[in-house]
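A structural walkthrough
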Amino acid sequence: MDPSRIVEEFPAPSFRGAQRRALEDIRAAFEAGNDVVLVRAPTGSGKSLLARAVAGCARRAGAAAPTEPVGAYYTTPQVSQLDDVAGDDLLEDLSVIRGKSNYDCILPGETDTPVDRAPCARERGFDCPVEHRCPYFSDRAIASSRPVAAMTLAYFMRTAGSDVFGTRDVVVVDEAHGLAEWAEMYATIELSPSTVPVWDACEPPDVADLSDVEGYTERLTTVCERRQTELRSKAELSPAEVGERDRLAELVRELEWFLEDLRDSDSPTTWVADRRETGAVTVKPLDPARYLHHTVWDRGRRFALLSATILDKAAFCRGAGLDPDDVALVDVPHTFPVEHRPLYDVTQGKMTYERREETLPAVARTVVRLMARHDDEKGLIHAHSYDIADRLRDLLGEFGVGGRVRGHDSETRDAALAGWKRSDDPDVFVSVKMEEALDLEGDRCRWQVLCKAPYPNTNDSRVARRLEDGAWGWYYRTALRTVIQACGRVVRAPDDHGATYLADSSLLDLFERARGDTPDWFAAQVDRMERPALPSFETAVDVAGGSADGRERGGRRSRSRSRSRSRSSRSDGIDDADDLDDHPLSDVWGDG
Ligand code: SF4
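First things first, this report covers the structure right here in the doc. Just so it is clear, the model here is predicted, and its values are computed rather than measured. (Residues numbered from 1 in each chain as written. Predicted model: local features only at pLDDT ≥ 70, side-chain atom pairs only at ≥ 80, totals over all residues.)

Points about the sheet that holds strand S3 (residues 95–96)
The sheet built from 7 strands is open, its strands ordered S3-S4-S2-S5-S9-S1-S10 with parallel pairing. Looking at the sheet topology across the chains shown, the edges are occupied by S3 and strand S10 (327–331). By the bridge criterion, 2 bridges tie S3 to strand S4 (residues 148–152) in an arrangement that is parallel. Its bridge partner lying in S4, valine 96 is registered against alanine 150. (Pairing = 2+ DSSP bridges. Helix = DSSP H or I, 4+ residues; strand = E, 2+ residues; numbered from the N terminus.)

Below you can see the structure in the form of structure tokens.
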């Protein structure tokens, strides 16, 4: 790697905000001998452009001995982030490769068949006449030969050990804050009727401890291998059998990995197992440092890990299996005015399981009042769980404002979100787990509500185990990280603005407990927080055309209101006297 090239490798024609300084700091961190540089870069700092500049410093083919790794990987856990990269003209030299299921076969009669179910996957020894034009294999060949290959973290981890995507000089991980959790998720083994093709032949026993799982895993591996042999003996497989064959291969790899790690007394990974009422068993690793070594740290020489929310360097390194002494932290300042990203205290009590029945109706009434305050602006509700989302939507319907409310379930998630984003109506979208990877710039969303402090679920055995070990700092940091990510959804550029309302009083407690881990720029938001003046519930219901006793008086409101109102009479308390287009920071890159 040659960090001295970092400025010339920056792909934009000019620098905005703190980008130039960030590049110099990253360069200095690598030149000081650090193998890993954490770049804490908030929304709008142009993270993807910084990532491209770092990747461009990788050793080039021709400038290295044949045995030295060259080139770079760019990887991110978020599919939407990879989509943004693929569509960004400034990043066009990043060669994007996705998983096989994202591509269709091009053979006649197979054009609706995804590549992982195509004839080359179904028939033993199939010699495809058009493989050189196959969209998947072409993209893969291009990505494997170009200086920067870009892929999701899932694909990156899956290709560990492959000949095609071997070790490179530099690896850049974008949105890296959840690296340990993503690794835990990918290393988690789900054993259920839908994930184990031979379930009926080998159901799990009652799981009292890991020794029960160990014995079952051995038996299951044998049964899977027997079925693999049967499938291999067939000359041609049906699409369903192709799926079964691939799943069996994946499952056997997972089971063997688990058994090897479990029996390795030097492995730092602790495994835990849960058995659900359905009989399904989940085997999960705690601190999967070894898994990360195999899938990430062995894949490059130097690493840049970028995120707005790496809150504690030492804790991050511990979770990711890194030695903090080899890791530098570069802090990029936030360049959006704090008054454009206000927090408001509209807390109504605790949203814990025990108190929710009492608090949720008060939260719903508050949402109605916020809908009146933002009567011409789109809003987002972070409901935290489908249980809260369903109850909230029921209550909003009872209060007569249901015509302005949208939602989703796990099946309709993407389509419902896309429909709401496309709409010009000032609708309110009740969402579950959308605190990250959403870009709601400008009028796409002007206000949002956090219904519940997003603490990890203590019913999860991994979480319970960590808390038994006293990992309360991790618990609070994890929730704070999600809150900070959520706040970044509605303010995407220096001249953008969006209000975040906090409905759960546990959030105030969280801010106090996690104060020491809070970035300065977010602490400034917390310190300015105030309780807003809202219209009364009765007035709010009246504005919406419902009635305070729950009867809806009118139908859906007209959607033809002028969108210009939101610029001239803003409802989040920001003074419009300053024309935002003239703000000195209005041209900072906003891709965070
Ligand atoms: S290699 Fe050929 S058969 Fe396989 S997916 Fe591509 S075009 Fe279809």
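Let's talk about the environment of valine 543
Of note, valine 543 is situated in helix H19 (residues 537–544). You can call valine 543 partly exposed: it has 17 C-beta atoms within 10 Å. With 168 residues separating them in the primary sequence, valine 543 and aspartate 375 have C-alpha atoms 8.2 Å apart. Residues contacting valine 543, with those up to four places away along its chain left out, are Ala372 and Asp375. (Buried ≥ 20, exposed ≤ 12 C-beta atoms within 10 Å, placed from the backbone. Contact = placed C-beta atoms within 7 Å.)

Focus on the sheet that holds strand S11 (residues 343–345)
The strand order across the open sheet formed by 6 strands is S11-S16-S15-S12-S14-S13, and the pairing between neighbours is parallel. Edge strands, defined here as strands with exactly one partner in the open sheet, are S11 and strand S13 (405–406). Looking at chain direction, S13 and strand S14 (residues 428–431) are connected through 2 bridges and run parallel. Bridging from a neighbouring strand, valine 405 pairs with valine 428 of S14.

Considerations on the site of the ligand
The environment of the ligand is formed by 13 residues, the closest being Cys105, Ala118, Cys120, Cys128 and Cys134. Counted by class, the shell around the ligand contains 11 nonpolar, no polar and 2 charged residues. (Near = placed C-beta within 6 Å. Nonpolar A, V, L, I, M, F, W, Y, C, P; charged D, E, K, R; others polar.)

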